[in-house]
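So the chains spell out like this:
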Amino acid sequence: EVQLQASGGGLVQAGGSLRLSCAASGSTFDDYGTLDDYAIAWFRQAPGKDREAVSCISKRYGKTYYLDSVKGRFTVSSDSAKNTMYLQMNSLKPEDAAVYYCALDGYASTYGCYDYNYWGQGTQVTVSS
């Protein structure tokens, strides 16, 4: 079993930065391995819009995806020793405002992020203009 807890959201001015964190816990990591064994992802959902994949990565298969609108501004990383994944967000824009969700154990491809089995509860990012 896996539990994910996202944190680090808040209110920032346009052009500012935030780093979101997602801590993974549960018997899956105690018994089988670390985050490096799974595809990891960040999604977001803004009011009135569908949920969209922001970024995902599979270290096993060497696949990385970033939403076009965040390329060059956002970076996904992970620390397997801490079982924590991160989303570094720079040069934030008002259109980045959303609830951000971390996700684990799905597919990361050139085209997107699919079929994730575990989800965090989300953290709110607000960007003022």
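One can find the structure itself at the top, above this paragraph.
Residues numbered from 1 in each chain as written. Predicted model: local features only at pLDDT ≥ 70, side-chain atom pairs only at ≥ 80, totals over all residues. Heavy atoms only, no water.

**Q** Talk me through the sheet that holds strand 3 (residues 18-25); I want residue IDs and the actual numbers.
**A** Ordered in space as 1-3-8-7, the four strands form an open sheet in which the pairing is antiparallel. At either end of the open sheet lies a strand with only one pairing partner, and these are strand 1 (3-7) and strand 7 (74-79). Taken over all neighbouring pairs, the strand axes of this sheet differ in orientation by 15 degrees on average, direction set aside. Relative to strand 8 (residues 84-89), strand 7 is paired through six bridges, and the arrangement is antiparallel. From the neighbouring strand, S77 faces strand 8, where its bridge partner is Y86. (Pairing = 2+ DSSP bridges. Helix = DSSP H or I, 4+ residues; strand = E, 2+ residues; numbered from the N terminus. Axes fitted to C-alpha atoms, helices over the stretch in contact; angles between N-to-C directions.)

**Q** How would you summarise the side chain of T84 if you had to cite specific residues and measurements?
**A** Among the structural elements, T84 can be located in strand 8. Classification of T84 by relative accessible area gives buried; the value is 10%. A distance of 3.0 Å separates the side chain of T84 from the backbone oxygen of K82, its partner in a polar contact. Beyond its immediate chain neighbours, meaning those up to four positions away, T84 contacts S21, C22, A23, L35, S78 and D79. (Buried < 20%, exposed > 50% of the residue type's maximum accessible area, 1.4 Å probe, protein only. Polar contact = N/O pair within 3.5 Å; in protein donor to acceptor, adjacent residues only side chain to side chain. Contact = heavy atoms within 4.5 Å.)

**Q** Could you give an account of the packing of aromatic side chains, naming the residues involved and the relevant values?
**A** Per the stated rule, a full pass over the model turns up two aromatic pairs. Considering the side-chain rings of F43 and Y116, the 5.8 Å spacing of their centres and the 75 degrees angle between planes classify their relative orientation as edge-to-face. Note that F43 is positioned in strand 4 (residues 40-45) and Y116 in the loop between strand 11 (113-114) and strand 12 (118-119), a separation of 73 residues in sequence. Take F43 and Y116: they sit in the same class, and that class is buried. Measuring from centroid to centroid gives 4.8 Å for F43 and W119, while their planes differ by 50 degrees, and the two rings are tilted. Linking F43 in strand 4 with W119 in strand 12, this pair joins segments that are 76 residues apart in sequence. By way of ring pairs, the aromatic residues F43, Y116 and W119 are connected into one cluster. Sitting over the ring of F43, R51 keeps its end group 5.5 Å from the ring centre. (Phe/Tyr/Trp six-rings, centres within 6.5 Å; stacked < 30°, edge-to-face > 60°. Lys NZ or Arg CZ within 6 Å of the ring centre and 35° of its normal.)

**Q** Help me get a handle on the pattern of salt bridges, residues and values and all.
**A** Here the structure, examined in full by the defined rule, presents five salt bridges. With a shortest N-O distance of 2.9 Å, E52 and R44 are connected by a salt bridge. According to the relative accessible area criterion, E52 is partly exposed, its value standing at 31%. For D68, the salt bridge goes to K71, with nearest N and O atoms at 3.1 Å. For the pair shown, D68 and K71 are each scored as exposed. (Salt bridge = Lys/Arg side-chain N within 4 Å of Asp/Glu carboxyl O.)

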